[in-house]
Amino acid sequence: MADNDMVMTEALRAELANITSTQRAAVLMLLLGEEQAADIIKFLNPKEVQALGAAMVSVANFSQEAVNVVLDEFVEHLKKQSTLSMGNTDYVENVMRRALGDDKAASVLGRIMPGQGTKGLDILSWMDARGISDMIKVEHPQVVAIILSLLEPEVAADVLIYLDPAIRPEVLQRIASLDTVQPSAMAELEAIMKMQFSKSASAQSSSFGGVQAAAKIMNLTKTELESSIMSGLNELDPDIMLKIQDNMFTFENLISVDNKGIQVLMRAVEPDLLMMALKGASAGCQDRFYDNMSERARGMFRDDMEAKGPQRMSDVEAAQKKIMRMARKLSDSGELMLGGADFV
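Residues numbered from 1 in each chain as written. Predicted model: local features only at pLDDT ≥ 70, side-chain atom pairs only at ≥ 80, totals over all residues. Heavy atoms only, no water.

Topic: the pattern of salt bridges
Next up, step 1: One pass over the structure, following the stated rule, counts five salt bridges.
Next up, step 2: One salt bridge connects D239 with K243, and the closest N-O pair in it is separated by 3.3 Å. Of this pair, D239 and K243 are both found in helix α17 (residues 238-248), four residues apart, which corresponds to roughly one turn of the helix.
Next up, step 3: According to the relative accessible area criterion, D239 is partly exposed, its value standing at 44%.
Next up, step 4: When its relative accessible area of 40% is taken as the criterion, K243 is described as partly exposed.
Next up, step 5: With a shortest N-O distance of 3.1 Å, D315 and R312 are connected by a salt bridge.
Next up, step 6: Residue classification places D315 among the partly exposed residues on the basis of a relative accessible area of 29%.
Next up, step 7: For R312, a relative accessible area of 59% translates into the label exposed. (Salt bridge = Lys/Arg side-chain N within 4 Å of Asp/Glu carboxyl O. Helix = DSSP H or I, 4+ residues; strand = E, 2+ residues; numbered from the N terminus. Buried < 20%, exposed > 50% of the residue type's maximum accessible area, 1.4 Å probe, protein only.)

Next comes the structure, spelled out in structure tokens:
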């Protein structure tokens, strides 16, 4: 540090020791232009966006000396830009909205911006599943559905365990049916949960839930609970139940099934149906089936599949879904292991 005429005090050493790698990245992000920062955020997954966004806010209290050290570790010339307002909330909000769009940004900002988002949701993120269920168990199933759709799938799956078994299928149905939540409904939720949404989040429709959200929750639900909920949902809304099942397990997930399971499935599926399904599968997925055929059978199968020529994607997807439903039944009967919670 002598080269930089900086005295490394004990206080500075302690501050640097507590700076996380995410916060170091946040310092660099705040020194970029909004457009460049937004372009980077587009390549991050939701958890990374939330973590980085929170870090961008948290570095507001960093000392100038700490910022200089971080910059020196990464790019020397960026130290000249260190007079930017670190942790400026307008900057963070603009970057998030540019990268994610208004709806998704409002959701992320609601979790990371001090005094702007929903304190209720912030509290929920720190509560365990039992605590959340105790808070929402007396609410209308629609309110419960919205709240579960806002949680991480793993947490939502655990909350389901503590909810009244009688309402679980309806809650899942409502999660799968969610698309946008209108301002009036959000106002009701705000009142119930004592949330304080920012004006931008409250003044527009917000996207929550959907079939994929319900499927992710069910993928992480214990097998016995999943069976009970899906059975109840089948009575309540068979169409929604099938849509959720179709999204719970994709054809590509069969790569993870062991050889014995693949062989069981192949015996249950008509060759023509399997040929159709494999038309749209990845090379890895195709090989999973080819590896369980004899050399002679594999050659004949491939020849017949090529003879079919190009197929409509809708027909291929329908064949894949039909096979996945067969796989599901075989899994329920214990004849093959799908691996449930590992699927997305």
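Still more ground to cover, so stick around.
Looking at the environment of V171
Next up, step 1: Checked against the element boundaries, V171 lands in helix α12 (residues 168-177).
Next up, step 2: Here V171 falls in the buried class, since its relative accessible area comes to 0%.
Next up, step 3: If we skip the residues at most four places from it in the chain, V171 touches P141, V144, A145 and L148. (Contact = heavy atoms within 4.5 Å.)

Topic: the nonpolar core
Next up, step 1: The biggest cluster of nonpolar side chains holds 66 residues, and the ones touching the most others in it are L148, I244, F251, L265, L274, L278 and F289.
Next up, step 2: Residue contributions to this core peak at seven residues, all from helix α10 (residues 141-150).
Next up, step 3: Excluding residues within four positions of it along the chain, L148 makes contact with I136, A156, V159, L160, L163, V171, I175 and I217.
Next up, step 4: Counting residues in each nonpolar core, the second largest holds 27 residues, with L16, L28, A55 and A66 among its members. (Core = buried A, V, L, I, M, F, W, Y, C linked by side-chain atoms within 4.5 Å.)

So, the confidence of the model for the protein
Next up, step 1: Confidence in the prediction of the protein, expressed as mean pLDDT, is 75, and 72% of residues score 70 or more.
Next up, step 2: The element-level mean pLDDT for the protein is lowest in helix α14 (residues 199-202), coming to 35, with helix α19 (residues 271-279) highest at 93.
Next up, step 3: Low pLDDT (under 50) marks residues 1-5, which in the prediction has six contacts with non-local residues, meaning those over four places away or in another chain.
Next up, step 4: A low-confidence stretch, residues 114-122 (pLDDT under 50), is modelled with 20 contacts involving residues beyond four sequence positions or located in other chains. (pLDDT = per-residue confidence, 0-100.)

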